[in-house]
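Each chain is listed here by its residues.
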Amino acid sequence: MVAATLGSAAALGAQGTLGSQGFGYPVNGQSARSAGTAGALAPFDELTPLNPAAVANWQRGALFFHAEPESRSTRVGSARDRTSVVRFPLSGLSGKVSERGSVMVTFATLLDRTFETASRVQEQVGDEQVDVVSLFSSTGAINDVRAALGWRFSERLRAGAGIHFITGRNRLAIGRDFPDTVPLADVSSQATYTFSGQALSFGADWRVVPTLMVTAHTRLGGDLRARLADTVVGSASVPLQVGAAVRYDGIASTVVAASWNRTRWTDLDGLGTASLAIRDADEFALGAESRGPTVFGSALTLRLGVRQRTLPFDVADRAVTERSIGAGFGYPLSLGRASLNLGVQRASRSGRGGRESAWLTNIGLAIVP
């Protein structure tokens, strides 16, 4: 029973949420700063493991950690369900190697597949109809560990490269609970799948004029395998990713950015079952970051953004789309030895036969030793 669910997204009722179909929700290791602009600043953000060229901006050693609680409501027909999950999508450390170069190691969530759903159905047992509770749960994620080097060739040109190690696990469980009046024992089945793969990423930033910067980045995927115990049960490639963005600094104390990413999620074909419906996905985001009021002697940084994207796994052979509005702020702590970033996103997801709304809270803390 569990083996049949690996990568399957044929029925929304089996997986409980629109966002967590297939191998899970595409978190992509977004930092709280990036989340405050709904992803628009992600290609320029040093901490988000998207564009390795941005690492060159981080000219100091630091430790950082992010959390992302999500509360969501899913509606299918007249049925409605509320769930919540707490993710830790990003952590890492950085160091300066020279006046021109920096290195950074990040531990990020690529696809999160954590949910639990229960449904009550009536079944015939002997001569009577009884209520049976069917339980289906998944915990775990596919993670992305990246080591990257960013280098400033001049004030106008930066470039970077990274190596990615894809790891993680999904623990799946299916159970059926019978009432005490039925002479049948409860049934359960569990399995744990592990994932391993590699990829390379490259990026470059070019400041065209003093107030305008453009960037391009890509991730080239290597082999990706799924194992049950020591047996390979699926093989595919880490999804290819390409993207570009533009950033305008011509407004006083304000940055405006627009970004586009495309992820070839169909590279995951072969990792799951034949019923897994995957599609390549585009993401568009527009956002801004600006100096805000001074609080206790330090200035707040205010953020706002919007995003639209397609999620990688279909529901009933129809795409799931997501629209998000993000807002947040950043604040320096301990005379610049630490920083706190908070963001909130309101996401709306729609697919065939269902709609989902979610609040995502992003909390990021960076410490300079």
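Residues numbered from 1 in each chain as written. Predicted model: local features only at pLDDT ≥ 70, side-chain atom pairs only at ≥ 80, totals over all residues. Heavy atoms only, no water.

Details of the overall build of the protein
If you tally the helices and strands in the protein, you get 3 helices and 17 strands. Along the first, second and third principal axes, the C-alpha set of the protein runs to 80 × 45 × 35 Å. Across the 369 residues that make up the protein, the buried fraction comes to 49%. Working note: accessible area of the protein is about 16200 Å², and carbon and sulfur atoms make up 58% of it. Between the mean site of the 37 positive side-chain charges and the mean site of the 31 negative ones, the protein shows a separation of 9 Å. (Helix = DSSP H or I, 4+ residues; strand = E, 2+ residues; numbered from the N terminus. Buried < 20%, exposed > 50% of the residue type's maximum accessible area, 1.4 Å probe, protein only. Areas by Shrake-Rupley, 256 points an atom, 1.4 Å probe, with all protein chains shown as cover. Lys, Arg positive; Asp, Glu negative; His and termini not counted. Charge placed at Lys NZ, Arg CZ, Asp CG, Glu CD.)

A closer look at the nonpolar core
Grouped together as the largest cluster of nonpolar side chains are 21 residues, with contacts concentrated most on Phe23, Leu111, Leu268 and Leu271. When residues of this core are assigned to their parent elements, the largest contribution, 4 residues, is made by strand S8 (residues 187-209). (Core = buried A, V, L, I, M, F, W, Y, C linked by side-chain atoms within 4.5 Å.)

With respect to the environment of leucine 340
Secondary-structure assignment places leucine 340 in strand S16 (residues 338-351). For the pair leucine 340 and alanine 244, spaced 96 residues apart in sequence, the C-alpha separation works out to 28 Å. In this structure, leucine 340 is in contact with Phe329, Gly330, Tyr331, Leu333 and Gly364, ignoring residues within four places of it in sequence. (Contact = heavy atoms within 4.5 Å.)

Quick word on the packing of aromatic side chains
Applying the stated criterion across every chain yields a total of 3 aromatic pairs. Here phenylalanine 65 and phenylalanine 88 contribute two aromatic rings whose centre-to-centre distance is 5.7 Å and whose plane-to-plane angle is 35°, an arrangement assigned as tilted. Taken as a pair, phenylalanine 65 in strand S2 (residues 62-76) and phenylalanine 88 in strand S3 (residues 79-96) lie far apart in primary sequence, 23 residues in all. Residue placement shows arginine 60 over the ring face of tryptophan 58; its charged tip is 4.7 Å from the ring centre. We note arginine 247 situated over the ring of phenylalanine 44; from NZ or CZ to the ring centre the distance is 5.8 Å. (Phe/Tyr/Trp six-rings, centres within 6.5 Å; stacked < 30°, edge-to-face > 60°. Lys NZ or Arg CZ within 6 Å of the ring centre and 35° of its normal.)

Side note on the pattern of salt bridges
Oppositely charged side chains are able to pair whenever their charged atoms sit close together. A full pass over the atoms with the stated rule returns 25 salt bridges. Residues aspartate 249 and arginine 207 are paired through a salt bridge, measuring 3.2 Å at the closest nitrogen-oxygen approach. Residue aspartate 249 is found in strand S11 (residues 240-251), and its partner arginine 207 is found in strand S8; the two are separated by 42 residues along the sequence. Note on aspartate 249: relative accessible area 22%, which makes it partly exposed. Exposure remark for arginine 207: the relative accessible area of 18% places this residue in the buried category. Within the structure, one salt-bridge network assembled from shared partners comprises Glu68, Glu70, Arg72, Arg87, Asp112, Glu283, Arg307, Arg309, Glu322, Arg349 and Glu356. (Salt bridge = Lys/Arg side-chain N within 4 Å of Asp/Glu carboxyl O.)

A few points about the side chain of glutamate 46
Checked against the element boundaries, glutamate 46 lands in the loop between helix H3 (32-36) and S2. Accessibility expressed as a relative area gives 14% for glutamate 46, which makes it buried. At 3.5 Å, the side chain of glutamate 46 and the side chain of arginine 33 are in polar contact. Sequence-distant contacts of glutamate 46, that is, excluding residues within four places in its chain, are made with Arg33, Ala54, Val55, Asn57, Trp58 and Met104. (Polar contact = N/O pair within 3.5 Å; in protein donor to acceptor, adjacent residues only side chain to side chain.)

So, the confidence of the model for the protein
The predicted model of the protein averages 88 in pLDDT, with 92% of residues at 70 or higher. Confidence, expressed as mean pLDDT per element, reaches its minimum in the protein at helix H1 (residues 2-5) with 41 and its maximum at strand S12 (residues 254-264) with 97. Considering only residues more than four positions removed or in separate chains, one finds that residues 1-14, a stretch of pLDDT under 50, has 51 contacts. (pLDDT = per-residue confidence, 0-100.)

Re the environment of valine 27
With respect to the helices and strands, valine 27 occurs in the loop between strand S1 (25-26) and H3. When sequence neighbours within four positions are dropped, the list of residues in contact with valine 27 reads Glu68, Arg87, Pro89, Thr109, Leu110 and Asp112.

A short note on unusual backbone geometry
The backbone of alanine 38 sits at a positive phi, close to 60°, despite the residue not being glycine. Phi angles above zero are rare outside glycine, and serine 334 is one such case at about 50°. Considering the arrangement of structural elements, one finds serine 334 in the loop between strand S15 (321-333) and S16. Judged by its relative accessible area of 55%, serine 334 is exposed.

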